[in-house]
Amino acid sequence: MKRLLSLDAFRGLTIAAMLLVNNPGSWSYVYPPLDHAEWNGWTPTDLIFPFFLFIVGVALTLSFARRIAQGASRAELTRKVVSRAAIICALGLLLSGFPRYDLGTIRIMGVLPRIGVVYLAAGLIYLYASPRAQRWITAGLLVGYWLVMTRVPVPGHGAGVLARQGNLAQYVDAIVLGAHRWKPDWDPEGIMSTFPAIATCLLGIETGRWLGRARDHAQAALGMFAWGNLAMLAGLAWGIVFPINKNLWSSSYVLFTAGFALDLLALCYWLVEVEGRARWTAPFVAFGANSIVAFVASGLFTRCLSLWKVGDAGTTVSMYGYLYTHAFASWAGPLNGSLAFAVAYVLLFAGLTALLDEWENQNIERLGLQPSRMPSPGPRLVVSQPSA
């Protein structure tokens, strides 16, 4: 049960970055690269979520190809896709409503529900469509989304509106989701933008299929780097008429971020699979192998700290704010203290996932099996199982 170590490391880096940007000490003090672009354009923070969906696609392909080769039936893999997607969506609702669960306003969509829906759609497409059909579906999702968003008129606004108010995605979410949105007038993980997010995962599936056929690791890394640059250029070009926009998950954003993900995966792949430099991956592999656990646990922990009220200089504040003010901002200042708080948060969950990873491997050893996440001793291709 060996894994593609470079992919686990890349996934771990992505999850660490996700925790870093989601947990500043104070949202009033955040360095611009660690916050989302206000609307059009991108920051490093806007790359994180599509990176994860791209990685899901790569891992799904490598894992399912191995299972099919070992005799798993399409029906068995379908049940696996459906059950895993349902669990991820359920965890999303658990996190979204915690601790009150107001059924009248609970957010239905979100990061985890989008992962679950995208995993379900991409997994079924992988199992029941040919590789050629998958490429056509990917192209259809991207071009179709662009045409629908720019050609279908919105009542009271007309066609082609891509501003925060008046665009088709916002209009559909207002009708279908109503009060079950992130904000009263907007949800960045809404219904319409989920379709191009599926294309992000399908591009990862195509990458995984190509990696599964790779025999020369240096050429594979260089190929990923070349295709990554081409995809980024295509995204920038498309962005002239359909701006790069994370909130809308625009088609140009899909190509640009998938290209960026290919470049970074190529770098990790070169370091680990070609050069055999695997020691640096250890903390990130633990993060990557327990990605959903880390995301859910960190979210619940943040909510608990925010709900825990304590006295501070005659006022009542949350434990989250108290820790930021007294343990970080007191010596680092408000801006650097906010960053230091986020870094400490990442380190805390890095330690917890490392302990979980060690416990998992010890149980595997007791059963007489090879630990599943041992560093690769040399430049060879090993197969990965998806964490999401």
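Structure first, text after, so check above.
What counts, and at which threshold
- Residues numbered from 1 in each chain as written.
- Predicted model: local features only at pLDDT ≥ 70, side-chain atom pairs only at ≥ 80, totals over all residues.
- Heavy atoms only, no water.
- Helix = DSSP H or I, 4+ residues; strand = E, 2+ residues; numbered from the N terminus.
- Buried < 20%, exposed > 50% of the residue type's maximum accessible area, 1.4 Å probe, protein only.
- Contact = heavy atoms within 4.5 Å.
- Areas by Shrake-Rupley, 256 points an atom, 1.4 Å probe, with all protein chains shown as cover.
- Lys, Arg positive; Asp, Glu negative; His and termini not counted.
- Charge placed at Lys NZ, Arg CZ, Asp CG, Glu CD.
- Axes fitted to C-alpha atoms, helices over the stretch in contact; angles between N-to-C directions.
- Parallel < 35°, antiparallel > 145°, perpendicular 65-115°, else oblique.
- Left-handed = near helix turned anticlockwise from the far one by under 90°.
- Nonpolar A, V, L, I, M, F, W, Y, C, P; charged D, E, K, R; others polar.
- Polar contact = N/O pair within 3.5 Å; in protein donor to acceptor, adjacent residues only side chain to side chain.
- Phe/Tyr/Trp six-rings, centres within 6.5 Å; stacked < 30°, edge-to-face > 60°.
- Lys NZ or Arg CZ within 6 Å of the ring centre and 35° of its normal.
- Core = buried A, V, L, I, M, F, W, Y, C linked by side-chain atoms within 4.5 Å.
- Salt bridge = Lys/Arg side-chain N within 4 Å of Asp/Glu carboxyl O.

In this section: the overall build of the chain. Of regular secondary structure, the chain possesses 13 helices and 2 strands. Along the first, second and third principal axes, the C-alpha atoms of the chain reach 65 × 55 × 35 Å. Looking at the chain residue by residue over its 388 residues, the buried ones come to 51%. Considering only contacts in the chain between residues 6 or more positions apart, those separated by 24 or more positions represent 73%. Element-wise, carbon and sulfur atoms account for 67% of the exposed surface of the chain, whose accessible area totals about 17400 Å². The averaged location of the 20 negative side-chain charges in the chain is 7 Å from the averaged location of its 29 positive side-chain charges.

Attention shifts here to the environment of Ala139. Within the secondary structure, Ala139 sits in helix α5 (residues 131-151). For Ala139, a relative accessible area of 34% puts it in the partly exposed group. Here the alpha-carbon distance between Ala139 and His36, two residues 103 residues apart in the chain, equals 27 Å.

Viewed as axis vectors pointing N to C, α5 and helix α7 (residues 194-212) meet at an angle of 150°, and their least axial separation amounts to 9 Å. Our classification of the angle between α5 and α7 gives roughly antiparallel. Between α5 and α7 lies a crossing of left-handed hand. Of the residues in α7, those touching α5 at Pro131, Gln134, Arg135, Ile137, Thr138, Leu141, Leu142 and Tyr145 are Phe195, Pro196, Ile198, Ala199, Leu202, Leu203, Ile205, Glu206 and Arg209. Residue classes in the contact of α5 with α7 are distributed as 12 nonpolar, 2 polar and 3 charged.

A few words now on the packing of helix α3 (residues 74-97) against helix α11 (residues 291-307). Close contact between α3 and α11 brings their axes to 9 Å; oriented N to C, the two are set at 15°. As summarised for this structure, α3 and α11 are arranged roughly parallel, according to the angle between their axes. Every pair of crossing elements has a handedness; the one defined by α3 and α11 is left-handed. Within the contact between the two elements, α3 uses Leu91, Leu95 and Ser96 and α11 uses Ile292, Phe295, Val296, Gly299, Leu300 and Arg303.

Moving on to the side chain of His217. Note on placement: His217 falls in helix α8 (residues 217-238). Reaching out from His217, the side chain makes a polar contact with the side chain of Tyr269 at a distance of 2.8 Å.

All chains considered together, the criterion is met by 18 aromatic pairs. Note on Trp42 and Phe260: the rings are 5.9 Å apart at their centroids and 75° apart in plane angle, and the pair reads as edge-to-face. With a gap of 218 residues between them, Trp42 in the loop between α1 (5-22) and α2 (48-69) and Phe260 in helix α9 (residues 251-274) connect regions that are remote in the sequence. The class of Trp42 is partly exposed, set by a relative accessible area of 37%. Plain terms: the ring middles of Phe328 and Phe341 are 5.4 Å apart, the flat faces sit at 75° to each other, and that makes the pair edge-to-face. On the criterion of sequence distance, the pair formed by Phe328 in helix α12 (residues 319-332) and Phe341 in helix α13 (residues 334-366) is long-range, its members being 13 residues apart. Grouping residues by exposure puts Phe328 and Phe341 together as buried. Three or more aromatic residues joined by ring pairs form one cluster here, namely Phe301, Tyr320, Phe328, Phe341, Tyr345 and Phe349. The ring of Trp249 carries the charged tip of Arg114 above its face, separated from the ring centre by 5.1 Å.

This part takes up the nonpolar core. Among the nonpolar cores identified, the biggest contains 94 residues, and Met149 and Phe287 are the most heavily contacted of them. Looking at which element gives the most residues to this core, the answer is α2, with 13 residues. Phe287 has contacts with Gly12, Ile15, Ala16, Leu19, Ala294, Val346, Phe349, Ala350 and Thr353, leaving out every residue within four places of it along the chain.

Take the pattern of salt bridges next. Summed over the entire model, instances satisfying the criterion amount to 6 salt bridges. Between Asp8 and Arg11 there is a salt bridge; the shortest N-O distance is 2.4 Å. Taken together, the residues span about one helical turn, with Asp8 and Arg11 both in helix α1 at a distance of 3 residues. A relative accessible area of 1% places Arg11 in the buried class.

Honestly, that's just the spatial picture; any functional story needs more than this.
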